Structure formats: structure tokens, C-alpha cells
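Residues per chain are reported as follows:
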Amino acid sequence: MITAVQISQLLQSAIVFGTVIMFGALGEILTQKSGNLNLGVPGIMYLGGIAGLATAYAYEGSTENPNGFVAVLLSFGAAFLASALGGLLYSFLTITLRANQNVTGLTLTIFGNGLANFFGGILNQIAGGVGQVSVRTTSDAYRRAITHNISMGHIGSVFFSYGFMAYLAIVIAIVLFVFLNRTRMGLNLRAVGENPATADAAGINVTRYKYLATCIGAGITGLGGLYYTMDYIKGTWTTDGTIEALGWLAVALVIFATWRPLNAIWGAYLFGLLYWTYLYIPGLTRSSQELFKMLPYIVTIVVLLFVSMRKKREDQPPASLGLSYFREER
């Protein structure tokens, strides 16, 4: 029988796991609302993770008494900027040069994976071996609970035992919801994603909206890689491909959330819960454990089938998703 302590640990693991993919999904929701289908989410998460880690490593190595707040600012800014540059590259290829969005996104995933592991390997060599990279000051600052000086029970620890980025993800989801549904710019962006030709005819700068949404969305996505590196694996670097797997799970979460930012919150935590449940079921073989890890993807397929059968317009992706816009054909 599962104890209260185990339930608390499971929920905490689900929230930490869910936060990683929530960042990726929120950035991709913003991108897809503009009509751009960026399948480079895993690669962008790689870019965010390695940029934040390398910046923190350089800062801590060059400073005798590194300051946690400064380390967080530097690594956070570097991760967002590197990821946004990945989005800029995608935008230039697909919007300006009109390259195929699917191929470009997949290429960006391979590029981000290779680049991150190349520099991650260099950091490992400098540090003395695989897994030896350590940015303890920076990682501690990211992982320090908001209420770390307050004694809490099992229920309190489920809600208040995380670093600031776990709460930042929720704030971003709420801000995106308000932006997309309550502001003129958000409605313009949705119009671009639904019918860019009509939006263009109405005087909306389609190219600007696509560029901004994709670059800012990529920056948010990259924060998932930063959170994984600094919080999830405590400020080190591994080449086991976990970031790529989480990136694809973030793409699945976009579909599961039916392109709604608020749905991504509970959806991310549900994915985390489904992913880690096997640890608390006795007697499972290794093969059975792998089956449990498939649950988030299976649930996504079920939701996709359900949404397709219902055919409700509000549950469908933007009408022009994945399609390049040619103004001359308007």
C-alpha cells in the first residue's frame, strides 16, 4: 500500500518532471499560434540547457565567490537568448526563404542536439570526465525552495518545495492565456495563424508576428532545457538523450492541451504522474516499466483521436499551421 510519504514524493516528482515539458509546450503553443510548426523543440531545449550551463560554468570558474543571483541572471539570459536565436534561424529559413517547416524543424533538432553535446563534451573534459561538470552555486540558487526557511508537512511540500522556475512556468501559462485571448496583439497573432492572407489584407504585418512569436516561443521553450540542466539533474551535463525525449513529450503536450496554455499546466503534471507511477507499483519487470513510460504518449494519441472525432473548431490547431505564406498568392 502506498503511504502518504510516497504519494507526496510521487506528486513532487510529477511536478518537477512536468515543469520541464511545460516550458517546451508553452513556447511551442505560442509558435504554433502564428502558423509555424516548429518540430525543433528538442534541439531548442538542448540549446537552452547548454547555453545556461556553459555560462554558469564560466562565471563560477572566473569568480572566487560567485553570487547565486548573478549566476541565475547570466545563465537565464544566456539560455533564453541562445534558444531565441534558434527560433530566429528557423524563422529565417521558413518565413523568409520559405523552406519546408517540417524538414527545418527536424534539422534544428539534430543541429541543437549535436551542438549541445559537442560543447557539453568539452565541458566534461575540462571538468575531468563525464558527469563531472558542476555549477553548484548556480544550481543551488535555481533549486532553492521559495519557502526553504519554513517547516512544512507533506501537503505543504507538494505545493511549496520547488525553485522559482516551477512557479514561473505557471505564470507564463497564465500570461500567454491572457495575451492570446484578451489583447489586440494576441488576437492579431491568432488571426495570422488561422488565415494569414486575410490578416495581411486587414493591415496586420504577418512576417513580424510570425518572427516575434517564433523567436519568443523558442526562448520560452529553451527554458525547459535550462530547468532540466540546473534543477532536474542539479547543474551537470549528460549525453543520454533525455532532453530530446522530453522535447518530443513537450510537442505531444501541445496536442494534449489542444493549443491552450492553461491546459498545459495540468497536462504537464498529469504526464509527469503517468511517467513516474511505475516506481510505486511493486513487482514490475523492466519491460513493464518501459510500458508505463509510454503512457503519456498513449494518452496523447487517445486525446488526438477524440478531438478529431468531435471536430470542434476550438479544439483544432490553427488552420494555416505548417503552411508557408506567399503574399503573392493572396
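Residues numbered from 1 in each chain as written. Predicted model: local features only at pLDDT ≥ 70, side-chain atom pairs only at ≥ 80, totals over all residues. Heavy atoms only, no water.

As a further point, take the overall build of the chain. The secondary structure content of the chain amounts to 14 helices and 0 strands. The order of helices and strands in the chain, counted from the N terminus, is α-α-α-α-α-α-α-α-α-α-α-α-α-α. Taking 330 residues into account, the globule formula puts the C-alpha radius of gyration at 20 Å, and the chain, at 20 Å, falls close to it. By its C-alpha atoms, the chain is 60 × 50 × 40 Å across when sized along the principal axes. The burial tally for the chain puts 48% of its 330 residues in the buried class. Across the chain, contacts joining residues at least 24 apart in sequence account for 77% of those joining residues at least 6 apart. Accessible area of the chain: about 15600 Å², with a carbon and sulfur share of 65%. Across the chain, the mean location of the 20 positive side-chain charges is 8 Å away from that of the 14 negative side-chain charges. (Helix = DSSP H or I, 4+ residues; strand = E, 2+ residues; numbered from the N terminus. Rg over C-alpha atoms; globule rule 2.2 N^0.38 Å. Buried < 20%, exposed > 50% of the residue type's maximum accessible area, 1.4 Å probe, protein only. Contact = heavy atoms within 4.5 Å. Areas by Shrake-Rupley, 256 points an atom, 1.4 Å probe, with all protein chains shown as cover. Lys, Arg positive; Asp, Glu negative; His and termini not counted. Charge placed at Lys NZ, Arg CZ, Asp CG, Glu CD.)

For the rest of this paragraph, the subject is unusual backbone geometry. Unusually for a residue other than glycine, Arg98 sits at a positive phi of about 60°. Inspection of the secondary structure puts Arg98 in the loop between helix 3 (68-96) and helix 4 (101-127). Phi at Thr258 is positive, roughly 50°, even though this residue is not glycine. Of note, Thr258 is situated in the loop between helix 11 (242-256) and helix 12 (261-276). The buried category is assigned to Thr258, whose relative accessible area is 8%.

Now for the side chain of Thr31. Inspection of the secondary structure assignment puts Thr31 in helix 1 (residues 4-33). Within polar-contact distance, the side chain of Thr31 engages the backbone oxygen of Gly27 at 3.1 Å. With sequence-adjacent residues up to four places away left out, Thr31 is seen in contact with Asn36, Asn38, Ala213, Thr214, Gly217 and Ala218. (Polar contact = N/O pair within 3.5 Å; in protein donor to acceptor, adjacent residues only side chain to side chain.)

Glancing now at the nonpolar core. Core analysis: the biggest nonpolar cluster contains 75 residues, and Ile21, Phe23, Leu26 and Leu53 have the highest contact counts within it. At 12 residues, the largest contribution of residues to this core is made by helix 1. Beyond its immediate sequence surroundings of up to four residues, Phe23 is in contact with Met165, Leu168, Ala169, Ile172, Ile220, Thr221, Leu223, Gly224 and Tyr227. (Core = buried A, V, L, I, M, F, W, Y, C linked by side-chain atoms within 4.5 Å.)

A word on the packing of aromatic side chains. Across all of its chains, the model carries 13 aromatic pairs by this definition. Judged by centre distance (6.1 Å) and plane angle (85°), the ring pair of Phe17 and Trp276 falls under edge-to-face. Taken together, the residues Phe17 in helix 1 and Trp276 in helix 12 connect sequence positions 259 residues apart. Residue Trp276 is classed as buried on the basis of its relative accessible area, which comes to 18%. Aromatic side chains Tyr46 and Trp237 sit 6.3 Å apart centroid to centroid with 55° between the ring planes, which places their arrangement in the tilted category. Of this pair, Tyr46 sits in helix 2 (residues 41-62) while Trp237 is found in the loop between helix 10 (206-232) and helix 11, placing the two residues 191 residues apart along the sequence. Taking the relative accessible area as the measure of exposure, Tyr46 reaches 2% and is therefore buried. Given the relative accessible area of 1%, Trp237 is considered buried. (Phe/Tyr/Trp six-rings, centres within 6.5 Å; stacked < 30°, edge-to-face > 60°.)

A few words now on the pattern of salt bridges. Within the structure shown, the criterion is met by 2 salt bridges. For Arg136, the salt bridge is made with Asp140, and the minimal N-O distance between the two is 3.7 Å. Linking Arg136 with Asp140, this pair stays in helix 5 (residues 136-143), spanning 4 residues, or about one helical turn. Here Asp140 and Arg143 are joined by a salt bridge, their closest N and O atoms 3.8 Å apart. With Asp140 and Arg143 both in helix 5 and 3 residues apart, the pair spans about one turn of that helix. The partly exposed category is assigned to Asp140, whose relative accessible area is 31%. If you follow the salt bridges from partner to partner, you end up with Arg136, Asp140 and Arg143 in one network. (Salt bridge = Lys/Arg side-chain N within 4 Å of Asp/Glu carboxyl O.)

Take the environment of Gly247 next. If you trace the backbone, Gly247 turns up in helix 11. Separated by 53 residues in sequence, Gly247 and Thr300 place their C-alpha atoms 14 Å apart. When sequence neighbours within four positions are dropped, the list of residues in contact with Gly247 reads Val41, Pro42 and Met45.

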